Amino acid sequence: VRCPGGVPPLRAAPPERVVAVVGASASSVSIMVANVLRLFAIPQISYASTAPELSDSTRYDFFSRVVPPDSYQAQAMVDIVRALGWNYVSTLASEGNYGESGVEAFVQISREAGGVCIAQSIKIPREPKPGEFNKVIKRLMETPNARGIIIFANEDDIRRVLEAARQANLTGHFLWVGSDSWGAKTSPILSLEDVAVGAITILPKRASIDGFDQYFMTRSLENNRRNIWFAEFWEENFNCKLTSSGTQSDDSTRKCTGEERIGRDSTYEQEGKVQFVIDAVYAIAHALHSMHQALCPGHTGLCPAMEPTDGRTLLQYIRAVRFNGSAGTPVMFNENGDAPGRYDIFQYQATNGSASSGGYQAVGQWAEALRLDVEALQWSGDVREVPSSLCSLPCGPGERKKMVKGVPCCWHCEPCDGYRFQVDEFTCQACPGDMRPTPNRTGCRPTPVVRLTWSSPWAAPPLLLAVLGIVATTTVVGTFVRHNNTPIVRASGRELSYVLLTGIFLIYAITFLMVAEPGAGVCAARRLFLGLGTTLSYSALLTKTNRIYRIFEQGKRSVTPPPFISPTSQLAITFSLTSLQVVGVIAWLGAQPPHSVIDYEEQRTVDPEQARGVLKCDMSDLSLIGCLGYSLLLMVTCTVYAIKARGVPETFNEAKPIGFTMYTTCIIWLAFVPIFFGTAQSAEKIYIQTTTLTVSLSLSASVSLGMLYVPKTYVILFHPEQNVQKRKRSLKTTSTVAAPPKGEGTEDPK
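Rules of the game
Residues numbered from 1 in each chain as written. Predicted model: local features only at pLDDT ≥ 70, side-chain atom pairs only at ≥ 80, totals over all residues. Heavy atoms only, no water. Helix = DSSP H or I, 4+ residues; strand = E, 2+ residues; numbered from the N terminus. Buried < 20%, exposed > 50% of the residue type's maximum accessible area, 1.4 Å probe, protein only. Contact = heavy atoms within 4.5 Å. Areas by Shrake-Rupley, 256 points an atom, 1.4 Å probe, with all protein chains shown as cover. Phe/Tyr/Trp six-rings, centres within 6.5 Å; stacked < 30°, edge-to-face > 60°. Lys NZ or Arg CZ within 6 Å of the ring centre and 35° of its normal. Pairing = 2+ DSSP bridges. Axes fitted to C-alpha atoms, helices over the stretch in contact; angles between N-to-C directions. Disulfide = S-S within 2.5 Å. Core = buried A, V, L, I, M, F, W, Y, C linked by side-chain atoms within 4.5 Å. UniProt positions renumbered as here; feature names shortened; annotations may be inferred. Salt bridge = Lys/Arg side-chain N within 4 Å of Asp/Glu carboxyl O. Polar contact = N/O pair within 3.5 Å; in protein donor to acceptor, adjacent residues only side chain to side chain. Patch = residues over 30% accessible without salt bridge, like charges linked within 9 Å, V, L, I, M, F, W, Y side chains within 5 Å. Left-handed = near helix turned anticlockwise from the far one by under 90°. Nonpolar A, V, L, I, M, F, W, Y, C, P; charged D, E, K, R; others polar.

1. Overview of the overall build of the protein
- Helix and strand counts for the protein stand at 20 helices and 22 strands.
- Principal-axis analysis of the C-alpha atoms places the extent of the protein at approximately 185 × 60 × 45 Å.
- A total of 750 residues make up the protein; the buried ones form 47% of that total.
- Intrachain contacts of the protein at a sequence separation of at least 6 include 65% that bridge at least 24 residues.
- Looking at the protein as shown, the accessible area adds up to about 37,000 Å², and 57% of this sits on carbon and sulfur atoms.

And the structure:
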């Protein structure tokens, strides 16, 4: 410094050393200030900076704050979202420390807590271009299901987002959740109240300080000259202009008189940060007081131990303070210098259906845990039910969630089809074989068991045929027994006829066993008698046909009768052939004892509601055919002999009727096989196959009965005089061939 004339400069006393700083308000400013103050070990207490990064004690070790960090605020907002049942939201942040770090904290906490997914994270530039906010709304509408919008933005950005939403005609669509920058302020929503209805906002718990109002409302230009910004505030608050020498007053602006009074000539609302500014000042005061008591006991003023004051020591005392603040709430700091999180939760609600006359209503609070009065919430359109903000709607009963890769809150609902039921929200599982899913597919229930019953329509045709056949067979047997010695009965071969009629009777009787309820006894009887009747019938027919063929073939070569044509021989041959079937069945019964089973696969239809378990004997389709296989072999052999014997004289015994019987029987069984196996996959398999089998058996028995015995019975009963004619024709025919033994076939030639 050079003074005129070389006079030594006049130096003022050195300024008092700064031991602590209160401020700043904006997080970005506090970060820059903290970076400077830590170089000089000067403690700093902010009254409004809430950026989470300021909690990093390794970078901002001299920074403390009397407001909670945004990490607490973000936790409170996550709790609000979850309490409302939302799981799919978007975030909106102003570029800068406050907005970006707030959203980052929200995203991180929501990810750790689970159950909340971020649809989009949009950042508003510091200097947005024209149309920028319209683009923001357009981007938000790319995920229309994410109606919940988490906002960490400054007042101006909030206002312009609401304006863009109104221009896009989306009033009432978005569900805003605003941070403390929105709080309970009216400026961001002025003239935009209809768009803001339903917005939930958060604000650090605070109270209005009456003493400050009394002080501030008495401030004037005369008694507040120490505040260098007060004149500028005066002009803006009263919308006037102060004039000073050398300046020109704008004629369009009213001149300030200096007599204006705050709250009388202007609207006044206490700034929300006042409480925290007072608490910050008192926190330093309490720390200095405690430090003075500890280091300078009994001294008035500073002692050498505090001259100069050590910033690191003061910081320890600041972190240790605990007192009731200006609002009556405790003021304290944790190891990172953060104040405890205490928030009031507000919602902007319309009054009497009018948004413009609405206001912020307290609906809850957060202090480490959320207390939200959901019933007090009111949404756009005066709706009380909480709107949804879900990526996917909940799946209905019987549907599982098929998650969308990379988005844990989004899924597709996939029905548990077929015989599967819903185990949990992500899994479908097949019911056990004997069960089917319930109608809503949330569990399994037993599959109904069915069988062919006596009252079933499927049982009526075979039972009718069986009853008629048994009556007819009994009639024939009775007639033959009564007229046992007549020429027609004797010419029919009495012994084999009775054996054949017994087989026919058993064929008809098997129908009742097939319809009866399956059990060990019924199943054993089915195995035994199913093939026994047909084997007995076809063995007798084969023996008869073979005998006729051998007699006439032998007669062509000599007059000596062929062997084994006596009645005893014929019976022995018949029973020998039948015994093979009986022995086979007995061996089967011994190797595999019969029992009933419930087959759940037979009627396992595509629609589980139609599924049924079938109570039946343990006989597969192949074993059933195998049981009849021997009979079919006898039938084919008999048919071959019937074809060979077709050239015998027309009047000789039963060659032609037997041949016709076998041809017809073959046709019946050829039709039976494709029907039986062609219905193997049908839902009505048990009914169709049983009916087909019993009807085929009854028809083959009816053909044998009708072709071989009904005409003879008719003659015996209604035309007995034809017995004599038959005897004469028989004698005439047999005189040209080798004579059969007496008592069988034709009469004795003598």
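2. Observations concerning the packing of aromatic side chains
- Counted according to the given criterion, the structure contains 15 aromatic pairs.
- Relative to tryptophan 176, the ring of phenylalanine 174 has its centre 5.3 Å away and its plane inclined at 45°; by these criteria the two rings are tilted.
- Aromatic pair phenylalanine 212 and tyrosine 215: ring centres 6.3 Å apart, planes at 50°, arrangement tilted. Within this pair, phenylalanine 212 and its partner tyrosine 215 are both found in helix H7 (residues 210-216), separated by three residues, close to a single helical turn.
- Three or more aromatic residues joined by ring pairs form one cluster here, namely Phe212, Tyr215, Phe216, Phe230, Phe233, Trp234, Phe238 and Tyr268.
- The ring centre of tryptophan 588 lies 4.3 Å from the NZ or CZ of arginine 527, which sits over that ring.
- The cationic tip of arginine 604 hangs over the ring face of tyrosine 419; the distance from NZ or CZ to the ring centre is 3.9 Å.

3. Concerning the sheet that holds strand E21 (residues 596-603)
- The strand order across the open sheet built from three strands is E20-E22-E21, with neighbouring strands paired in mixed fashion. Looking at strand neighbours, the two that pair on one side only are strand E20 (449-450) and E21, the edges of this open sheet.
- As paired elements, E20 and strand E22 (residues 612-617) share two bridges and run parallel to each other. Paired with valine 449 across the strands is glycine 613, a residue of E22.
- Sitting on the sheet, helix H18 (residues 685-708) touches E20, E21 and E22, and the angle it makes with E21 is about 115°.

4. As for the state of the cysteines
- Per the counting criterion, the structure on display carries eight disulfides.
- A sulfur-sulfur separation of 2.0 Å characterises the disulfide bridge that pairs cysteine 117 with cysteine 409. Note on the cysteine 117 and cysteine 409 pair: the S-S dihedral is about 85°, so by sign convention the disulfide is right-handed. With cysteine 117 in strand E5 (residues 117-124) and cysteine 409 in strand E15 (residues 407-415), the pair connects residues that are 292 residues apart, well separated along the chain.
- Classification of cysteine 117 by relative accessible area gives buried; the value is 7%.
- At a sulfur-sulfur separation of 2.0 Å, the disulfide partner of cysteine 431 is cysteine 444. Across the S-S bond of cysteine 431 and cysteine 444 the torsion is about -90°, and the bridge reads as left-handed. Taken as a pair, cysteine 431 in the loop between strand E17 (427-430) and strand E18 (435-437) and cysteine 444 in strand E19 (residues 444-446) lie far apart in primary sequence, 13 residues in all.
- Cysteine 431 gets classed as buried once you look at its relative accessible area, which sits at 6%.
- This cysteine, cysteine 638, is not joined by any disulfide, and cysteine 666 carries the nearest cysteine sulfur, 8.8 Å off.

5. A short note on the nonpolar core
- Grouped together as the largest cluster of nonpolar side chains are 49 residues, with contacts concentrated most on Leu530, Leu541, Leu624, Met662, Trp669, Leu693 and Tyr709.
- At the level of secondary structure, the elements contributing two or more residues to this core comprise helix H11 (460-482), helix H12 (487-491), helix H13 (494-515), helix H14 (520-557), helix H16 (621-644), helix H17 (655-678), H18 and helix H19 (710-718).
- Take this core: its biggest share by element is 10 residues, from H13.
- Once residues within four sequence positions are removed from consideration, tryptophan 669 is found in contact with Tyr538, Leu628, Leu632, Met635, Leu693, Leu697 and Ser700.

6. Some points on the side chain of threonine 639
- Looking at where threonine 639 falls in the secondary structure, it is placed in helix H16.
- A relative accessible area of 9% means that threonine 639 is categorised as buried.

7. Here we look at the pairing of strand E8 (residues 200-204)
- The element E8 is largely enclosed, with a buried count of five among its five residues.
- Of the two faces of E8, the one lined by Ile200, Ile202 and Pro204 and the one lined by Thr201 and Leu203 are each fully buried.
- Of the pairings in the sheet, the one linking strand E7 (residues 175-178) to E8 comprises two bridges and is parallel in character. By the bridge assignment for E8, valine 177 is matched with isoleucine 200.
- Two strands pair when backbone bridges link them, and E8 and strand E11 (residues 343-351) are joined in this way by five bridges, in the antiparallel orientation.

8. Some thoughts on the environment of asparagine 145
- Following the sequence through the fold, asparagine 145 ends up in the loop between helix H4 (132-140) and strand E6 (148-152).
- Each C-alpha atom of the pair asparagine 145 and serine 90 lies 10.0 Å from the other, and the pair is 55 residues apart in sequence.

9. A word on the UniProt feature "transmembrane region" (unreviewed entry) in the protein
- Feature annotation in UniProt assigns "transmembrane region" (unreviewed entry) to the following positions: residues 463-484, 496-516, 528-549, 622-643, 655-680 and 686-710.
- Secondary structure across residues 496-516 divides into 95% helix and 0% strand, with the first and last C-alpha atoms of the span separated by 31 Å.
- In residues 622-643, helix accounts for 100% and strand for 0%; the two terminal C-alpha atoms are 30 Å from one another.

10. Concerning the sheet that holds strand E3 (residues 63-65)
- Pairing is parallel in the open sheet, where three strands are placed in the order E1-E2-E3. Each end of this open sheet is capped by a strand with a single partner; those strands are strand E1 (21-22) and E3.
- The sheet contact formed by strand E2 (residues 44-46) and E3 spans three bridges and is parallel. Residue pairing in the sheet places isoleucine 45 in a bridge with serine 64 of E3.
- Its contacts with the sheet put helix H1 (residues 27-37) on E1, E2 and E3, and the angle it makes with E2 is roughly 170°.

11. Regarding the pattern of salt bridges
- Considering all chains together, one arrives at 18 salt bridges under this definition.
- Of the charged contacts in the structure, one is a salt bridge between glutamate 260 and arginine 254, with a shortest N-O distance of 3.4 Å.
- Judged by its relative accessible area of 5%, glutamate 260 falls in the buried class.
- The class for arginine 254 is partly exposed, based on a relative accessible area of 42%.
- Here glutamate 609 makes a salt bridge to arginine 445, at a shortest N to O gap of 2.4 Å. Of the two residues, glutamate 609 sits in the loop between E21 and E22 while arginine 445 sits in strand E19, which places them 164 residues apart along the sequence.

12. What about the side chain of threonine 447?
- With respect to the helices and strands, the residue threonine 447 is situated in the loop between E19 and E20.
- Since its relative accessible area comes to 8%, threonine 447 is described here as buried.
- At 3.5 Å, the side chain of threonine 447 and the backbone nitrogen of arginine 436 are in polar contact.
- What threonine 447 contacts, discounting residues up to four positions off in sequence, is Asp434, Met435, Arg436, Tyr600, Ala611, Arg612 and Gly613.

13. Some points on a nonpolar patch on the surface
- A grouping of Ile643, Phe660, Tyr663 and Met707 is seen on the molecular surface, where their side chains present a nonpolar patch of about 340 Å² in accessible area.
- Along the chain, methionine 707 turns up in helix H18.

14. Digging into the packing of helix H9 (residues 274-295) against helix H10 (residues 311-320)
- Close contact between H9 and H10 brings their axes to 8 Å; oriented N to C, the two are set at 115°. For H9 against H10, the interelement crossing comes out right-handed. Within the contact between the two elements, H9 uses Ala287, Leu288, Ser290, Met291, Ala294 and Leu295 and H10 uses Thr313, Leu314, Tyr317 and Ile318.
- For the contact of H9 with H10, the class distribution of residues is eight nonpolar, two polar and no charged.

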